[in-house]
Amino acid sequence: MGSDLPEKVKRFEEFVDRRVKPDLVRAIAERSDLRKNIENLERNSVTSLRTLVNLGSEVYMQADVPDTKRIFVDVGLGFHVEFTWSEALNFISLREEKLSKQIEEYTHLIASIKSQIKLVCEGIRELLQLPAEKPVQERVF
């Protein structure tokens, strides 16, 4: 049991480092770009525009947008929702908040598991009457 716990902690840490944190950074960057684009549209009173649309596999097509007052935002799982500019900005803020909370929850979960492992290892060490180990420098998130 004791040797299994450090492996679980390592897997959680790797999951956070390799998946959750990069996803958070990418999602916030995408939302930030969208926020800047919407703010630019508002500031410059843009009512129509010509743009390039990614059709997939990095294939782009030119598109004319006759009315920019409403936009479609990817809300996840392949769904897009039509928003006004202000609704889109509100959605972006809420989404960023949610993503930040998720990364914080994973970080707390890892810290909790690490503390439980230390407690179990210390209990085993005391039961077996082994000398205390030298402290190992921990990773900082």
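Residues numbered from 1 in each chain as written. Predicted model: local features only at pLDDT ≥ 70, side-chain atom pairs only at ≥ 80, totals over all residues. Heavy atoms only, no water.

The chain carries the name Protein UXT in an unreviewed UniProt entry, which gives Rhamnella rubrinervis as its organism.

Teacher, can you tell me more about the nonpolar core here?
General note: in soluble globular proteins, nonpolar side chains tend to be found buried as a group. Within the largest apolar cluster, 10 residues are counted, these being I38, L41, I71, V73, F83, W85, A88, L89, F91 and I92. At the level of secondary structure, the elements contributing two or more residues to this core comprise α1 (4-43), β3 (70-76) and α2 (85-128). Broken down by element, the residue count for this core peaks at 5 residues, all from α2. Beyond its immediate stretch of four places on either side in the chain, A88 contacts I38, I71, V73 and F83. Among the nonpolar cores identified, the runner-up in size contains 7 residues, and V20, L24, L99 and I103 belong to it. (Core = buried A, V, L, I, M, F, W, Y, C linked by side-chain atoms within 4.5 Å. Buried < 20%, exposed > 50% of the residue type's maximum accessible area, 1.4 Å probe, protein only. Helix = DSSP H or I, 4+ residues; strand = E, 2+ residues; numbered from the N terminus. Contact = heavy atoms within 4.5 Å.)

I would appreciate a short explanation of the layout of surface pockets in the present structure.
Empty space among the atoms can be located by rolling a probe the size of a water molecule over them. When its volume is computed, the largest pocket comes out at roughly 1100 Å³. Along the walls of the largest pocket sit 38 residues, with E30, R31, L34, V73 and D74 positioned nearest its centre. Breaking the lining of the largest pocket down by element, the ones donating at least two residues are α1, β1 (49-56), β2 (59-65), β3 and α2. The class makeup of the residues in the lining of the largest pocket is 20 nonpolar, 7 polar and 11 charged. (1 Å grid on protein atoms, 1.4 Å probe; cavity = no way out; pocket = protein on both sides within 12 Å on 5 of 7 lines; lining within 4 Å. Points joined across faces, edges and corners; volume = space filled by probe spheres on them. Nonpolar A, V, L, I, M, F, W, Y, C, P; charged D, E, K, R; others polar.)

Quick question: what am I supposed to make of the pattern of salt bridges here?
Side chains that differ in charge, positive against negative, can pair when their charged atoms come close. Inspection of every chain in the model, using the stated rule, returns 4 salt bridges. We note a salt bridge from R50 to D64, for which the minimum N-O separation is 2.8 Å. You can see R50 sitting in strand β1 and its partner D64 sitting in strand β2, a full 14 residues away along the chain. We note that R50, like D64, is exposed. The salt bridge partner of R70 is E82, with a shortest N-O separation of 3.1 Å. Taken as a pair, R70 in strand β3 and E82 in strand β4 (residues 79-84) lie far apart in primary sequence, 12 residues in all. Since its relative accessible area comes to 40%, R70 is described here as partly exposed. Given a relative accessible area of 38%, E82 falls into the partly exposed group. (Salt bridge = Lys/Arg side-chain N within 4 Å of Asp/Glu carboxyl O.)

Any chance you could explain the pairing of β1 here in plain terms?
Residues in a regular strand project their side chains so that they alternate between the two faces of the sheet. As paired strands, β1 and β2 are joined by 7 bridges and run antiparallel to one another. Across the sheet, residue L52 finds its bridge partner in β2, namely Q62. Between β1 and the antiparallel strand that follows it, β2, lie 2 residues; S57 among them carries a positive phi value of about 55°. (Pairing = 2+ DSSP bridges.)

What's the story with the environment of V75 in this structure? I'm lost.
Take V75: it is sitting in strand β3. Between the C-alpha atoms of V75 and R19, which are 56 residues apart in sequence, the distance is 19 Å. Leave out the neighbours within four places in its chain, and V75 touches V81, F83 and F91.

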